[in-house]
Structures are given as structure tokens and as C-alpha cells.
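Listed below are the residues making up each chain.
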Amino acid sequence: MKKGKKKNIFSKIIMALNHSPDKQKLQDLANRLRILSIKCTNASKSGHPTSCCSMAELTSVLFFHTLKYKVSSPKDPSSDRFVLSKGHCAPILYSAWCLAGLFPESELMKLRQIDNDLEGHPTPRLSFVDVATGSLGQGLSCAAGMAYTGKYFDKASYRVFCLMGDGESAEGSVIEAANFSSFYKLDNLVAIIDVNRLGQSDPTSIQHDLNYYQRMWEGHGWNSIIVDGHDIEAICQAFYDAEHFKGKPTILLAKTYKGKGIPGVEDQMNWHGKPIGDKTVEAISAIESQMIDKNISGENINHQIVIDDAKEIDIQPIYLSELPTYKPTDKIATREAYGLALAKLGRSSERVVAMDGDTKNSTFAITFQKEFPERFIECFIAEQNLVGVGIGCASRDRTVAFASTFAAFFSRAYDQIRMGGISQTKLKMVGSHVGVSIGEDGPSQMALEDLAMFRAIPNCVVFYPSDGVSCERAVELAANIPTMCYIRTSRPATVNVYPNDTSFTVGRGKVVHQSDKDVCLLVGAGVTLHECLKAYNVLKSEGLYVRVFDPFTIKPLDHEGLISNAIACEGKVVVVEDHYPEGGLGEAVSGALSMTNVRVKRISVNGLPRSGPPDALLELFGISSNHIIAAVKNAF
């Protein structure tokens, strides 16, 4: 036999030995996972035990044979990532970590209790959860962001696994993530669909047609493997094959049965999302009859070793590489200043990355891309995936991620943004082309709801810079804030209000003009701050003095500054915003002043917009300097 052939055969033998499972132990662990899922959902009188039972073998193989992770350090940077996209199956995820030795079974029995972090769906309150799930169809995008980070930014060995339900695979966001993952050849990503046939109220549309699933996923550029989701050895082999398949992500299409192992419940309708109650004793007895070791522990079963090659992250603050350099007469759009600032941050830290949804030449993320192409991700026209990928990139603090598109298009991804809040993500989002001031493009492109959207997200800082200097500083501040941030940027070029060395603070506004004679406080942001300044000049020429206030951040808002300046201006305030009246700057200011005797006049976009020149639209829809002047003269 030739030497080359001997070597090839030897390699295959070694590979086979490495993936050879102890089938009975893994099967016993799968059944223990079933039993624990049944017990803890019974204890909480709520939950999804039947959905957990369908994925028991998949979970057992993953946690006790395939995944490389450290129980002592669940967020270890070099460990494999696991995303449970079908978040209602949290009980079996918790059971797996319990059997792995992270916490005792007594803790598991506190599922869904108000003083316990083992909630109905997973959240990052738990050390072993990177992203919150539960709103279906989002896990794969987050996993794709993690996999992209691992392959192209960290250049590390860790792999990413995402387990989905068959029902959620109908979501458009899943298809967006599928196309993204294949385009970028994320062969370190393995998705699993638990094809258990039954949805919440009806069977799924595809049911157990695994060949249909296979054609669909292969059509999206994936390597696909059909597997019996209750066959331990077949699952081990499938994960092994996935690890060694290069150039494409892999999906395991696992045929399973909902409620597997529970007599009278398996593969039956009307058992979704409810404990099995009176059937518990019979169910546990039936499951235990299939076990050799009824008390098996998962500790020391998994012999996979983490390869510690994920680089240490530098958590030092990130600053602009140079101060803004605008001349007093310069005009610049805040969207363009965003691109300049992002490139400056990129020069200061390799952790800064950016992504965009095919609008980079309008949001000016292209400025960053040109300088750091290896740290830029084009996500194309798929905003749900854009946000999900960003959340994945930012997880475990591997990157400081900025995602940009037209602000109006973030509304398409609002569920991802909402779940990002629950995930406690640190993703920074930047929306351009806000308000009627964008001009001729018309109402479909005008973000007039975005402030309301982002103000509603817990722990989200909302910036609304009004010139190039304040925008650059907003980007710098956002990079260092350990929560989600949103930066609202405008299309029109405007003069700079602030000197280049001006400092800014989150939650602190700026008084742009003031005197001891001020009879009204004007509050504007972005384009409307400049309309306030025009109004200030006209009113001053007529002997009427007003004070101009720039809030800089809409959330948190400078309550103290607003109150003190409003009182100094005879308790009269005019707020003007390029936004619909609901949920924007006007409501924020009114809320801040609600417990005072201050009177507030709110001016906002007063109708459904149309195409036209920006100045004409500001006038037509009631937010121009002329309307501000009229409000000051007539409203109080």
C-alpha cells in the first residue's frame, strides 16, 4: 500500500474515533433532559415541555458531545456559541446547563419565578445566554453575526450553533439570514431546524416534508443534512460532517416528534405551551423505562477542548483620532459627519466595525468602508438581518458595532430592535434621512416615527446632533456607552453651531443663545435647531429676546437644564421637531416639564408629507422659522 493511501486511511480512522459517541449515555442524558423539562414546567405551572421533548437528543449531543465550552466560564471568548432561536424551549436549555453542573436541580425548579433569572424565554441576565430569544425568527441573524465575527474579525476557532423551530423558519428574517450566511461562506455556522411538524394552533405548512426543506435551504446556498432527530449516532455523525464541510454554512434538518416519549401526547395537537399535569407520573415512568442510568449527570461527559485563540479585547475608552476640523463657514450634513467620526474611531480601535443595508453612500458609512474594508459588512437590503447581525457582532463585547441605514427602514426591523433591548445589546444604530427636510424623495423615505421607536426601548440612549461637531462627539460617546444607542442624522448640510473643541455629555443640553431679557425658550434639534436660530435672529431684530436650547440627547433628556431655562424665560417654551407629534421631542420635553408651571407649545409635522424642496416642506408642514416666530408671538 502506498504511503499516501495509508496516511489517508489513518486520518479517517482518527476522525471516526474522535466523533464516536457513547450512545447510551447520550440517550440517557436526552431522557433526563425530557424529565427535567417536564418537572420544571409542572413546577411553574407553565411552559413548553412538548417542544422541549422533540429536541432532547439534539440538545444532548450538542451539550455533551459536540460543543466546546467551559462550564466555569459560560461567556469565555474562545468557546462555541449556542443560540436557542426557539426560545420557548428555554426549559431544556436550562436543564442542559444544570446537568452540565452550572447550577443545581433545585434552582431549575424555580423556573419562571419572579425572583429567579430562569425566565420563560432566555435573556442575557443568565451568564450562558448571549442574546434574548422568544420572538421567533431572530436567532439565526444573531448567530450569523457571531459567526462572521469569529471568522473574519476574531479569526478564531470557535463555532456557532443555532437551533430553530420549523414554524419560525417561515419568517422572512430567517431567509435574510440564510442568504447573508451563504454569501459570506460562514462555514463556522451550523443551524438546526427541529422539524417536529406541529405549530401552536395547527400543523406547520410543510410538516414532515424534509426534502422540501432541503431543496429550499440548498437553494439559499447551504450545505444541508437530513437527519433522524431522535437517533443519537446519526446526530453525532451529522455534526461531525458539518464541522468538516468547508465553504458553506450547514443546516441539519432534523425530523422529530413533538412531545417525544410522552404516551398519549407525542405527535398530538393541543399540547403546545402547557405542562402535562396529570400525565406526569406516567410520562416520567415511560421515559425512565428507556434509561440505563436514571440519575445520570452531564458533568465530565463532554471531552471537547476549547481552543483558546480568541484574542483579548481592549476595553479602554475609544476616542476620535483627531478633533473635528470645521471652519466657521463650513456646512456639513450630520450624516456625513457620522462617516468622518466613524473613520476616526476606526483609527483608534480595531474593535470598531460597521455595517449597512446598501445605503452606505447615503449614510456615509462608506467613509469607514473605504478606510477599513476588512471591518465593514455589507448586509444588503435586509434590515431585519442587519440589526440581528449587529447584535451578534456586539455580543460578548467582541466588537463595537455600528449599523446604519435610512432611519425609516429601521421600522422594518423594530422587533429586532425591541429584542435587542431585552438582549441588553450594545449595538449602535444610526439612522439618516429623517423628517420632511430630506425633500423630494417623499414620505416613504422620511423617518417621522423613529424617535418614538427608540425612546420606547429600555436603556437606549438617543442622540440627535445638530451640527458636524456635535455629531462627531455623539459617535464618540456612543462607542463608549455600554447600552444600545441610536443616532439620528439629517440629510441637509447646515452650518456648524459649536467650536471644534466643544465637549458634550450624555443627558446635558446646550444653551446656544441667551440673555437676561429672554421671554421664551426655543427647543429644537437637528434641522429644527437651525430654524430656531433663524427665528432667534428675526425676533431679536424686532426687540424680542428668546433663548435657544439644543437638547443633544433626547433620551436621557436634560430635565434640569430644561426646567431652569424655561423658568428663566417666563415659563414659556416652544418645541419644534421634524417628526410626527407622537413620541418625539415635543412629548419628551412636555414630560420633563409636566410637574412645573411652564407652558409648552409644540410644533411638529402636521400632516402626511409629500415630495418637494426641503425649505418648502418645512414651511408647508409647519416647522419653519416663520411658524416658530408666530408661535412665540401668538401662543402665550
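Analysis parameters
Residues numbered from 1 in each chain as written. Predicted model: local features only at pLDDT ≥ 70, side-chain atom pairs only at ≥ 80, totals over all residues. Heavy atoms only, no water. Helix = DSSP H or I, 4+ residues; strand = E, 2+ residues; numbered from the N terminus. Rg over C-alpha atoms; globule rule 2.2 N^0.38 Å. Buried < 20%, exposed > 50% of the residue type's maximum accessible area, 1.4 Å probe, protein only. Areas by Shrake-Rupley, 256 points an atom, 1.4 Å probe, with all protein chains shown as cover. Lys, Arg positive; Asp, Glu negative; His and termini not counted. Charge placed at Lys NZ, Arg CZ, Asp CG, Glu CD. Disulfide = S-S within 2.5 Å. Pairing = 2+ DSSP bridges. Axes fitted to C-alpha atoms, helices over the stretch in contact; angles between N-to-C directions. UniProt positions renumbered as here; feature names shortened; annotations may be inferred. Phe/Tyr/Trp six-rings, centres within 6.5 Å; stacked < 30°, edge-to-face > 60°. Lys NZ or Arg CZ within 6 Å of the ring centre and 35° of its normal. Domains from an automatic or database assignment. Contact = heavy atoms within 4.5 Å. Buried area = accessible area lost by both parts, 1.4 Å probe. Salt bridge = Lys/Arg side-chain N within 4 Å of Asp/Glu carboxyl O. Polar contact = N/O pair within 3.5 Å; in protein donor to acceptor, adjacent residues only side chain to side chain. Core = buried A, V, L, I, M, F, W, Y, C linked by side-chain atoms within 4.5 Å.

Caption draft 1: Spatial organisation of the overall build of the protein chain. Within the protein chain one finds 23 helices and 19 strands. In terms of overall size, the protein chain behaves like a compact globule, its C-alpha atoms giving a radius of gyration of 28 Å where 636 residues would be expected to give roughly 26 Å. Counting only C-alpha atoms, the protein chain reaches 95 × 65 × 40 Å along its principal axes. Out of the 636 residues belonging to the protein chain, those deemed buried represent 59%. Summed over its atoms, the accessible surface of the protein chain is roughly 24700 Å², and 50% of this surface lies on carbon and sulfur atoms. Both charge centroids of the protein chain, one from 67 positive and one from 71 negative side chains, sit 3 Å from each other.

Caption draft 2: Region of interest: the state of the cysteines. Applying the stated criterion to the full structure yields 0 disulfides. Summary of cysteine pairing: Cys-162 is not part of a disulfide, and the nearest cysteine sulfur, belonging to Cys-142, is at 8.4 Å. Free of any disulfide, Cys-485 has its nearest cysteine sulfur in Cys-460, 6.6 Å distant.

Caption draft 3: Representation of the sheet that holds strand E2 (residues 160-165) within the structure. Across the sheet, which stays open at both edges, the 5 strands sit in the order E1-E2-E3-E5-E4 with parallel pairing between neighbours. A single partner strand is all that each edge strand has here, and the edge strands are strand E1 (81-84) and strand E4 (223-228). Recorded for the sheet is a direction-independent mean angle of 20° between the axes of neighbouring strands. Where E2 and strand E3 (residues 189-195) come together, 6 bridges link them in parallel fashion.

Caption draft 4: A look at unusual backbone geometry. Following Lys-555, the chain continues into Pro-556 via a peptide bond in cis, with omega recorded as -5°. Relative to the assigned elements, Pro-556 resides in the loop between strand E17 (553-555) and helix H20 (559-568). A positive phi angle, near 55°, is found at Lys-185, a position not held by glycine. Residue placement: Lys-185 occurs in the loop between helix H8 (172-183) and E3.

Caption draft 5: Up close: the UniProt feature "domain: Transketolase-like pyrimidine-binding" (unreviewed entry) in the protein chain. On the UniProt side, "domain: Transketolase-like pyrimidine-binding" (unreviewed entry) is annotated at positions that read residues 332-497 here. Counting secondary structure, residues 332-497 comes out at 39% helix and 18% strand; the distance between its end C-alpha atoms is 11 Å.

Caption draft 6: Spotlight on the packing of aromatic side chains. All told, the structure shown has 25 aromatic pairs when counted by the stated rule. Here the aromatic rings of Phe-410 and Tyr-486 are separated by 6.3 Å at their centres, their planes lie at 90°, and the arrangement is edge-to-face. One end of the pair, Phe-410, is in the loop between strand E9 (400-406) and helix H16 (414-422); the other, Tyr-486, is in strand E12 (residues 485-488), and 76 residues separate them in sequence. Taken together, a centroid distance of 3.9 Å and an interplanar angle of 5° make the contact between Phe-454 and Tyr-486 stacked. With Phe-454 in helix H17 (residues 450-455) and Tyr-486 in strand E12, this residue pair connects regions lying 32 residues apart in the sequence. Tyr-486 sits in the buried class, given a relative accessible area of 0%. An aromatic cluster is present here, built from Phe-63, Tyr-69, Phe-82, Tyr-94, Trp-97, Phe-103 and Phe-128 joined pairwise through their rings. For Lys-510, the ring lying beneath its charged end belongs to Phe-504, and the centroid distance is 4.9 Å.

Caption draft 7: Focus on the domain arrangement of the protein chain. Here the protein chain is described as being made up of domain 1 (18-289), domain 2 (331-495) and domain 3 (510-635). Its C-alpha centre places domain 2 at a distance of 25 Å from the equivalent point of domain 3. Taken residue by residue, the interface counts 37 residues in domain 2 and 31 residues in domain 3. Note on domain 2 versus domain 3: buried area summed over both sides is about 2500 Å², and carbon and sulfur give 63% of it. Across the contact surface, domain 2 and domain 3 share 0 salt bridges. For the interface between domain 2 and domain 3, the tally reads 20 residue pairs in polar contact (both at pLDDT 80 or more). Looking at the side of domain 2 that touches domain 3, the elements with two or more residues in it are H17, strand E11 (461-463), helix H18 (468-479) and strand E13 (494-495). Ranked by the residues each element gives to the side of domain 2 that touches domain 3, the list is headed by H17, at 5 residues.

Caption draft 8: Here's a closer look at the nonpolar core. Within the largest apolar cluster, 76 residues are counted, with the highest numbers of intra-cluster contacts made by Leu-140, Trp-217, Met-355, Ile-377 and Met-429. The greatest single-element share of this core, amounting to 8 residues, is contributed by helix H7 (residues 139-153). For Met-355, the contacting residues outside a window of four places in its chain are Phe-376, Ile-377, Cys-379, Leu-386, Val-389, Gly-390, Cys-393, Ala-401, Phe-402, Ala-403 and Ser-404. Counting 51 residues, the second largest nonpolar core, distinct from the first, contains Ala-90, Ala-100, Leu-126 and Ile-192.

Caption draft 9: A look at the sheet that holds E9. Here we have 7 strands laid out as an open sheet, ordered E8-E7-E9-E10-E12-E11-E17, and mixed in their pairing. The open sheet has two edge strands, strand E8 (376-378) and E17, and neither has a second partner. The mean angle between the axes of side-by-side strands here comes to 20°, regardless of whether they run parallel or antiparallel. Bridging between strand E7 (residues 352-356) and E9 involves 5 bridges; their strand directions are parallel.

Caption draft 10: Broad picture of helix H5 (residues 90-100). Across the 11 residues that make up H5, a large majority, 11, are buried. Among all positions in H5, only Ala-90, Pro-91, Ile-92, Leu-93, Tyr-94, Ser-95, Ala-96, Trp-97, Cys-98, Leu-99 and Ala-100 are buried. In this structure, the buried residues of H5 make contact with helix H2 (23-44), helix H3 (49-54), helix H4 (56-66), E1 and helix H6 (105-108). Where H5 ends, the next residue or the one after it, Gly-101, has phi of about 105°, a positive value.

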